[in-house]
Amino acid sequence: MFDFLTNKLSSAFAHLTGQAYLSEKNISETIAKVKEALIQADVPFGAVEKFINEIQEEVVGQKVLKSLKPSEQFVDVVHKKLVAFLGGQNNHASLELTFPTTIMVMGLQGSGKTTTIAKLAHYYKAKGKAKIIVCGSVDFYRPAAIDQLETLARQININFYRPQSTFPLKAAQEIFNYARSLKADIILLDTAGRLHIDNTMLQELQEIDSSLQPHHKFLVLDAMTGQESLRVAKAFEQSIGFEGAILTKVDSDTRAGAAFAFAYELKKPILFLGTGEKPSDFELFRPERVAGRLLGMGDMQTLMEQADEKIKKHEQEEAEKALRQGRFTLDDFAKQMDMMNRMGSFSQILKFIPGISAQAIPQDKMLQAEAEMKKFKAIISSMTPKERLDHKLLQASRKKRVAQGAGVEVSDINILLQRFEQMQQFVKLFKKMGKMPGLR
Ligand SMILES: Nc1nc2c(ncn2[C@@H]2O[C@H](COP(=O)(O)OP(=O)(O)OP(=O)(O)O)[C@@H](O)[C@H]2O)c(=O)[nH]1
Ligand SMILES: [Mg+2]
């Protein structure tokens, strides 16, 4: 996410880390780099100027030079400023929904509205409070739009309603009444977008808005559109109004300008980030964490939260217990790979880890590791339960059978077993270390 700016900013500070002294020259060079990074990231010029001036004031106002750890202090100033410019400590109190609630999702064509509906449903469902969720679309411009929502609804197992009327307002009312009859906790309304802001679209939305009076109106903005998203947001704000934005496609090579432009100019919160095409690729937007990631500090907190959400508690406990006992079978190995998979791709996971820049590990190495993992999983699932618990059983004839079952070569199985035995050694070492009093 925001790789471009992350790489630029972290490299601007990289040569300062650990230095006991900073000169004014060091500082002004770094500030110049930060400025260049922001401009290249398509952050609106006014915002960049203000940002840089404020940093300069604080940093050169000698607080930093005289502090004990000047470089850390410097990064801290920039971090705080980034947080402020991305919306401050914005609390998401309003996102604690009171049921029943109606959410209307708006935005330009292709910005990600329909996908976002599925993400919102998935998000609130996972929180466990919303039992009945109904979604429906009033997008009659793109023939496949409604089918797309239906497919997504089925995939995440929520209710979908297809209106009889093809007049947006009437259709919206139908969806609403249907949801009411089901006593739905959440009603999600998908709307039509246009390529550009146009009056028919806005008028349609206004009518739906005043008839249904949705509790929440979210504007979906494509982060790839950069500063252009600002113009869109302003038009929506003037004619309909909305509570906050959902920034989509931040997994693409977007440069972060949209996030700054929106938060800085509209003074409204960005509520969520869309980080991929799947319903689970969605997270709350938390300025302090995003700022941390931008500065290459990682974001272990979000990673841990995602782990808690995607990996069940008993699975975590089981894995931990096995490790403590020094036990590690192929079965455990398969389970671990499966848990990893649920967290995302290697490159997605690495981005949360401090000190690892997105470029540190070449993309092809990462893809290679992922392909290997897939192969390993296929191999293990072709084994009998007994073999999974005791890999020593795998002599030549068994290997042949497993290789055939998994559609791989025997040499692939040997690679897997080699890796696996290395990991087993680690686990044993881990157990021994656990017994040493100093290392607990
Ligand atoms: N990588 C990535 N792709 C996304 C994200 N959100 C949406 N997309 C993709 O963007 C495309 C458009 O998304 P939709 O949800 O159909 O957008 P929409 O606003 O409903 O589009 P219209 O109904 O045509 O107005 C689809 O191919 C989605 O898979 C995201 O966060 N990351
Ligand atoms: Mg759509």
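The coordinates are above.
One structure accompanies this document, and this report is about it. Just so it is clear, the model here is predicted, and its values are computed rather than measured.

1. Regarding the overall build of the protein
If you tally the helices and strands in the protein, you get 19 helices and eight strands. Seen through its C-alpha atoms, the protein measures out along the principal axes to roughly 70 × 65 × 35 Å. Considering the protein as a whole, with its 440 residues, one finds that 37% of them fall into the buried category. By sequence separation, contacts in the protein at least 24 residues apart represent 75% of the contacts at least 6 residues apart.

2. Description of the site of ligand 1
Lining the immediate surroundings of ligand 1 are 21 residues, of which Gly-112, Thr-114, Thr-115, Gly-193 and Gly-274 lie closest. Ranked by residue count, the leading element in the shell around ligand 1 is helix 5 (residues 113–126), at three residues. Classifying every residue of the shell around ligand 1 by side-chain character gives one nonpolar, 13 polar and seven charged.

3. Let's talk about the packing of helix 9 (residues 228–239) against helix 10 (residues 257–266)
Axis separation between helix 9 and helix 10 bottoms out at 9 Å; the angle between their running directions is 40°. Judged by the twist between their axes, the crossing of helix 9 over helix 10 is right-handed. The segment helix 9 lies against helix 10, with Ser-229, Leu-230, Ala-233 and Glu-237 engaging Ala-258, Ala-261, Phe-262, Glu-265 and Leu-266.

4. Concerning the environment of Asp-308
With respect to the helices and strands, Asp-308 occurs in helix 12 (residues 300–310). By C-beta crowding, Asp-308 is classed as exposed, having 11 other C-beta atoms within 10 Å. As a C-alpha pair, Asp-308 and Asp-364 span 56 residues in sequence and 29 Å in three-dimensional space.

5. Overview of the sheet that holds strand 7 (residues 270–274)
Adjacent strands of a sheet form backbone hydrogen bonds with each other and so pair up, either parallel or antiparallel. Here eight strands make up an open sheet; going across it, the order is 3-2-4-1-5-6-7-8 and the pairing mixed. Each edge of the open sheet carries a strand with a single partner, namely strand 3 (159–161) and strand 8 (282–284). The sheet shows a mean angle of 25° between the axes of neighbouring strands, taken without regard to direction. Strand direction decides the pairing type here: strand 2 (residues 133–137) and strand 4 (residues 186–190), joined by five bridges, are parallel.

6. As for the pairing of strand 1 (residues 101–107)
Among the seven residues of strand 1, six are classified as buried, and the element is accordingly described as predominantly covered. Sheet analysis places strand 1 next to strand 4, joined by five bridges and oriented parallel. Across the sheet, residue Met-104 finds its bridge partner in strand 4, namely Leu-189. Where strand 1 meets strand 5 (residues 216–222), five bridges bridge the pair, whose relative direction is parallel. Bridge assignment links Ile-103 to a residue of strand 5, and that residue is His-216.

7. A closer look at the environment of Val-220
Tracing the backbone shows Val-220 in strand 5. Val-220 sits in the buried class, given 28 other C-beta atoms within 10 Å. A sequence separation of 184 residues divides Val-220 from Gln-404, and the C-alpha atoms of the two residues are 48 Å apart. In this view, Val-220 contacts Val-105, Met-106, Gly-107, Ser-111, Gly-112, Lys-113, Thr-116, Ile-246 and Thr-248; residues no more than four positions away in its chain are not counted.

8. Regarding unusual backbone geometry
A cis geometry characterises the amide bond from Phe-99 onward to Pro-100, with omega recorded as -10°. Phi angles above zero are rare outside glycine, and Lys-267 is one such case at about 50°. With respect to the helices and strands, Lys-267 occurs in the loop between helix 10 and strand 7.

The rules behind these values
Residues numbered from 1 in each chain as written. Chains lettered and ligands numbered in written order. Predicted model: local features only at pLDDT ≥ 70, side-chain atom pairs only at ≥ 80, totals over all residues. Helix = DSSP H or I, 4+ residues; strand = E, 2+ residues; numbered from the N terminus. Buried ≥ 20, exposed ≤ 12 C-beta atoms within 10 Å, placed from the backbone. Contact = placed C-beta atoms within 7 Å. Near = placed C-beta within 6 Å. Nonpolar A, V, L, I, M, F, W, Y, C, P; charged D, E, K, R; others polar. Axes fitted to C-alpha atoms, helices over the stretch in contact; angles between N-to-C directions. Left-handed = near helix turned anticlockwise from the far one by under 90°. Pairing = 2+ DSSP bridges.

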